[in-house]
Amino acid sequence: MNVGLINGLPGRPLFVHGAVVLVPLTALALVVCALRPSAARRLSWVLPVLGLITLALVVLTTESGEWLEERVQESVLLEEHAEMGSGLTPWAIALFVLMVARLAAARPRRPSPGA
């Protein structure tokens, strides 16, 4: 898949801006839902979906960065930037896992049939 170009235009700016907005927004939504159970109930399925979209966007951003890195002149600054981008993926995975865990914790418990 070519994540470098979208209809002939570089996709990187779109992906980067999306990730810059969604990563903190997703983390903030998780904190709000952890502090307010009523918000967690209202946003029950929105949280994991938001986490999954954020994770996918971070991966697309990293891939488009690697695509772009192959096409520009190497520099120390570019290498540092690429390392920071690669380091965000585990955090996005953790954020998604926490979103799913929050959904599981917010679900009402059903009594077992034998109890």
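Values in this document were obtained by computation on a predicted structure and should not be read as measured data.

Caption draft 1: Representation of a nonpolar patch on the surface in the model. Residues Val20, Val21 and Leu25 make up a contiguous nonpolar surface patch of about 280 Å² in total accessible area. The exposure class of Val21 is exposed, given its relative accessible area of 53%.

Caption draft 2: Seen up close, the pattern of salt bridges. With the rule as written, the count across this model stands at one salt bridge. Here Glu70 ties to Arg71 by a salt bridge, and the two come within 3.5 Å at their closest N and O atoms. Under the relative-accessibility criterion, Arg71 is labelled partly exposed at 49%.

Caption draft 3: View of the packing of helix 1 (residues 12-35) against helix 4 (residues 76-106). Contact pair helix 1 / helix 4: the axes reach a minimum separation of 11 Å and the direction vectors enclose 35°. As for how helix 1 packs across helix 4, the hand of that crossing is left-handed. Two secondary-structure elements touch here, helix 1 through Arg12, Val23, Thr26, Ala27, Leu30, Cys33 and Ala34 and helix 4 through His81, Leu88, Leu95, Leu98, Met99 and Arg102. Taken together, the residues of the contact of helix 1 with helix 4 sort by class into nine nonpolar, two polar and two charged.

Caption draft 4: Seen up close, helix 3 (residues 46-69). Compared with the 34 Å implied by 1.5 Å per residue over 24 residues, the 34 Å span of helix 3 between its first and last C-alpha is a close match. In the core, the buried residues of helix 3 are packed alongside helix 1 and helix 4.

Caption draft 5: Just the layout of surface pockets, in detail. Its volume calculated, the largest pocket comes out at about 440 Å³. Arg12, Thr61, Thr62, His81 and Gly85 are, among the 22 residues lining the largest pocket, the residues nearest its centre. Mapped onto the lining of the largest pocket, the elements with two or more residues apiece are helix 1, helix 3 and helix 4. The element that contributes the greatest number of residues to the lining of the largest pocket is helix 4, accounting for nine residues. Residues belonging to the lining of the largest pocket are distributed by class as follows: 11 nonpolar, six polar and five charged.

Caption draft 6: Representation of the nonpolar core in the model. Within the largest apolar cluster, 16 residues are counted, with the highest numbers of intra-cluster contacts made by Cys33, Leu47 and Leu57. Looking at this core, the elements that each hand over two or more residues are helix 1, helix 2 (37-42), helix 3 and helix 4. Per element, the largest residue contribution to this core is six residues, and it comes from helix 1. In this structure, Leu57 is in contact with Phe15, Gly18, Ala19 and Leu22, ignoring residues within four places of it in sequence.

Caption draft 7: Structural detail: helix 4. The end-to-end C-alpha distance of helix 4, which contains 31 residues, comes to 46 Å, matching closely the 45 Å that a straight helix rising 1.5 Å per residue would cover. For helix 4, the elements touching its buried residues are helix 1 and helix 3.

Caption draft 8: Structural view of the packing of helix 3 against helix 4. Two elements in contact, helix 3 and helix 4, have axes separated by 8 Å at closest approach and are oriented at 165°. Put simply, helix 3 runs roughly antiparallel to helix 4. As for how helix 3 packs across helix 4, the hand of that crossing is left-handed.

Caption draft 9: View of the environment of Phe15. Along the chain, Phe15 turns up in helix 1. Among the residues examined, Phe15 registers a relative accessible area of 10% and is labelled buried. With 44 residues separating them along the chain, Phe15 and Val59 place their C-alpha atoms 9.2 Å apart.

Conventions used here
Residues numbered from 1 in each chain as written. Predicted model: local features only at pLDDT ≥ 70, side-chain atom pairs only at ≥ 80, totals over all residues. Heavy atoms only, no water. Patch = residues over 30% accessible without salt bridge, like charges linked within 9 Å, V, L, I, M, F, W, Y side chains within 5 Å. Areas by Shrake-Rupley, 256 points an atom, 1.4 Å probe, with all protein chains shown as cover. Salt bridge = Lys/Arg side-chain N within 4 Å of Asp/Glu carboxyl O. Buried < 20%, exposed > 50% of the residue type's maximum accessible area, 1.4 Å probe, protein only. Axes fitted to C-alpha atoms, helices over the stretch in contact; angles between N-to-C directions. Helix = DSSP H or I, 4+ residues; strand = E, 2+ residues; numbered from the N terminus. Left-handed = near helix turned anticlockwise from the far one by under 90°. Contact = heavy atoms within 4.5 Å. Nonpolar A, V, L, I, M, F, W, Y, C, P; charged D, E, K, R; others polar. Expected span 1.5 Å × (residues − 1). 1 Å grid on protein atoms, 1.4 Å probe; cavity = no way out; pocket = protein on both sides within 12 Å on 5 of 7 lines; lining within 4 Å. Points joined across faces, edges and corners; volume = space filled by probe spheres on them. Core = buried A, V, L, I, M, F, W, Y, C linked by side-chain atoms within 4.5 Å. Parallel < 35°, antiparallel > 145°, perpendicular 65-115°, else oblique.

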